[in-house]
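# Per-entry structural report
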Amino acid sequence: MAPAAGAIQVVVPPDCAGLRLDQCLARVLPVYSRSRLQSWIRDGRVTVEGSAASQRSRVWGGERIEVLPAPHPSESAQRPEAITLSIVHEDESLLVIDKPPGLVVHPGSGNWQGTMLNALLHHAPALAGLPRAGIVHRLDKDTSGLLVVAKTLEAHTSLVRQLQARTVHREYLALVEGRVARAGRVEAPIGRHPVTRTHMAVTPSGKVAITHYEVVERFSNCTLLRCRLETGRTHQIRVHMQSVGHPLVGDPVYGRAPGPPPRLRRLLAAFPRQALHAARLELVHPRTNVRVSWKSPLPPDMEDLLAALREAGAQ
């Protein structure tokens, strides 16, 4: 039988006798990772003498193996996609995007397509020539609001330097659990959680992180805050507010089960994401050297939640 198009054919060498199939393939096809080879075996893309085999199958030398490689999703992560963007501002140097909740900013594990990066490459193909398509900072998937994107290498360099110098002003509106008495400041280092590595935490080995907050509106058992970032650590506001006993409403990672009276409990528990919105962005324009700023109104889901909380408090 002729090999499938694109298939790789190998004969098991004598020095692989007694090895598991995945171990043998890792040795004879070192260009591919062990995990990738194992996934191809599980998916039936590897045959031994014409028959599918498990990764634990043993080989003894002389067997003919055929491998039909499959492209890794990351290989198509940089493709343009016709995804609608809410563009607040655009000129020859910058794009300012108002990101909706649910949109992933940059491709990664589990989200290789359908991201803001894919949308940017469709909107402005020249961004393919810039690092990360001009994206210089991110918002979490379920955080809404303003993001700036560089359109030229000069703008990219300027924005990165401004972020490093902490001269980009970023303000967020955050609905947190509990009644916050007064304005405050959290200065606590943030790094990877020592046990759950996909989470962040306040930890002595973390990087410097500073968040300022002030009260905008209080409800019976939650508070709307305006938060200003001095630094831009991953999950910074979410981690810092949890660390002072006021996690964000709806936060699936750092939140807690709400405990106000029944009706309010239902309102808060029904909110499907962390209640966090990047409401204001201010920076020095890379070309004109003039400070410019943009604002974004609260998205409908947060507006509706606040309206429901006000109504519940008035009854």
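Each chain has its residues counted from 1, running along the sequence as written. At least 70 in pLDDT is required for a residue's local features to be given in this predicted model, at least 80 for side-chain atom pairs to be given and counted, and no such filter applies to totals for whole chains, interfaces and linings, which use all residues. Side-chain measures were taken over the full set of non-hydrogen atoms in the model, leaving aside hydrogen atoms and water.

## What about the sheet that holds strand S1 (residues 8-11)?
Which entries qualify depends on this criterion: Between any two strands, at least two bridges found by DSSP are needed for them to pair. Secondary structure counts use DSSP, requiring at least four H or I residues in a row for a helix and at least two E residues in a row for a strand, with both numbered from the N terminus. Contact definition: two residues touch when any of their heavy atoms are within 4.5 Å. Note on method: axes are straight lines fitted to C-alpha atoms, helices fitted across the in-contact stretch only, with angles between N-to-C directions ranging 0 to 180 degrees.
The 4 strands lie next to each other as S1-S4-S2-S3, forming an open sheet whose pairing is antiparallel. Strands at the two margins of the open sheet, each flanked by one partner only, are S1 and strand S3 (51-52). Where strand S2 (residues 46-48) lies against S3, 2 bridges are found, and the strand directions are antiparallel. For Val48, the partnering residue across the bridge sits in S3 and is Ser51. Its contacts with the sheet place helix H1 (residues 21-28) against S1, S2 and strand S4 (64-67), and it is angled at close to 75° to S4.

## Considering unusual backbone geometry
Stated precisely, the cut-off is as follows: Type-normalised accessible area, obtained with a 1.4 Å probe on protein chains alone, sets the label of each residue: buried when under 20%, exposed when over 50%, and partly exposed for intermediate values.
Located in the positive-phi region is Ala133, a residue other than glycine, with phi close to 55°. With respect to the helices and strands, Ala133 occurs in the loop between helix H3 (116-123) and strand S7 (144-150). One non-glycine residue, His235, adopts positive backbone phi at about 60°. Looking at the secondary structure, you find His235 in the loop between strand S13 (222-229) and helix H5 (236-243). On the basis of relative accessible area, His235 is assigned to the buried category, the value being 18%.

## Points about the pattern of salt bridges
Convention followed: Any carboxyl oxygen of Asp or Glu that lies within 4 Å of a side-chain nitrogen of Lys or Arg is treated as forming a salt bridge with it.
Inspection of every chain in the model, using the stated rule, returns 14 salt bridges. The salt bridge involving Arg34 is made with Asp22; its shortest N-O contact spans 3.9 Å. Within this pair, whereas Arg34 is found in helix H2 (residues 34-42), its partner Asp22 is found in helix H1, the two being separated by 12 residues in sequence. Of the residues examined, Arg34 reaches a relative accessible area of 37% and is grouped as partly exposed. With a closest N to O distance of 2.8 Å, Glu187 and Arg185 form a salt bridge. On the accessibility criterion, Arg185 (46% relative accessible area) is partly exposed. Through salt bridges with shared partners, a single network forms among Arg20, Asp22 and Arg34.

## Some thoughts on the pairing of strand S6 (residues 94-99)
With 6 of 6 residues buried, S6 is to be regarded as a mostly interior element. Side chains Leu94, Val96 and Asp98 of S6 all project onto a buried face; the interleaved residues Leu95, Ile97 and Lys99 project onto the opposite face, where all are buried too. As judged from the 3 bridges shared by strand S5 (residues 87-90) and S6, these two strands associate in the antiparallel manner. Each residue of the ladder has a partner; that of His89, found in S6, is Val96. Counting the residues in the hairpin turn of S5 and S6 gives 3 residues. Two elements, S6 and S7, share 6 bridges in a ladder whose sense is antiparallel. Its bridge partner being in S7, Ile97 is matched across the sheet by Leu147.

## A few points about the side chain of His137
Mapped onto the elements of the fold, His137 is located in the loop between H3 and S7. Not counting residues up to four positions away in its chain, the partners in contact with His137 are Leu146, Leu147, Val148, Leu163 and Arg170.

## Remarks on the nonpolar core
For clarity, the threshold we go by: Think of a nonpolar core as a cluster: buried Ala, Val, Leu, Ile, Met, Phe, Trp, Tyr and Cys residues, connected wherever their side-chain atoms sit within 4.5 Å.
In terms of nonpolar packing, the biggest core is built from 33 residues, with Met116, Leu120, Leu127, Tyr172 and Ile237 touching the most fellow members. Those elements giving two or more residues to this core turn out to be S6, H3, S7, strand S8 (169-177), S13, H5 and strand S14 (276-284). Per element, the largest residue contribution to this core is 5 residues, and it comes from H3. Excluding residues that lie within four positions of it along the chain, Met116 makes contacts with Leu85, Ile97, Leu103, Val104, Val105, Ile135, Leu147 and Val149.

## Considerations on the packing of aromatic side chains
Definition in use: Working definition: rings of Phe, Tyr and Trp (its six-membered ring) pair if their centres are within 6.5 Å, and the pair is stacked with planes under 30 degrees apart, edge-to-face with planes over 60 apart, and tilted otherwise.
Counted according to the given criterion, the structure contains 1 aromatic pair. Here Tyr32 and Trp40 contribute two aromatic rings whose centre-to-centre distance is 4.9 Å and whose plane-to-plane angle is 70°, an arrangement assigned as edge-to-face. Taking the relative accessible area as the measure of exposure, Tyr32 reaches 22% and is therefore partly exposed.

## A word on the environment of Glu63
Convention followed: Polar contacts, as used here, are pairs of N or O atoms within 3.5 Å; protein pairs need one atom able to donate a hydrogen and one able to accept it. Residues neighboring in sequence count only if both atoms are side-chain atoms.
By the element assignment, Glu63 lies in the loop between S3 and S4. With relative accessibility at 12%, the residue Glu63 sits in the buried group. Along the sequence, Glu63 and Val48 sit 15 residues apart, while their C-alpha atoms lie 6.6 Å from each other. Residues in contact with Glu63, not counting those within four places in the same chain, are Val10, Val11, Val12, Val48 and Glu49. At a separation of 2.7 Å, a polar atom in the side chain of Glu63 contacts the main-chain amide nitrogen of Trp60. Of note is the side chain of Glu63, whose polar atom sits 2.8 Å from the backbone nitrogen of Gly61.

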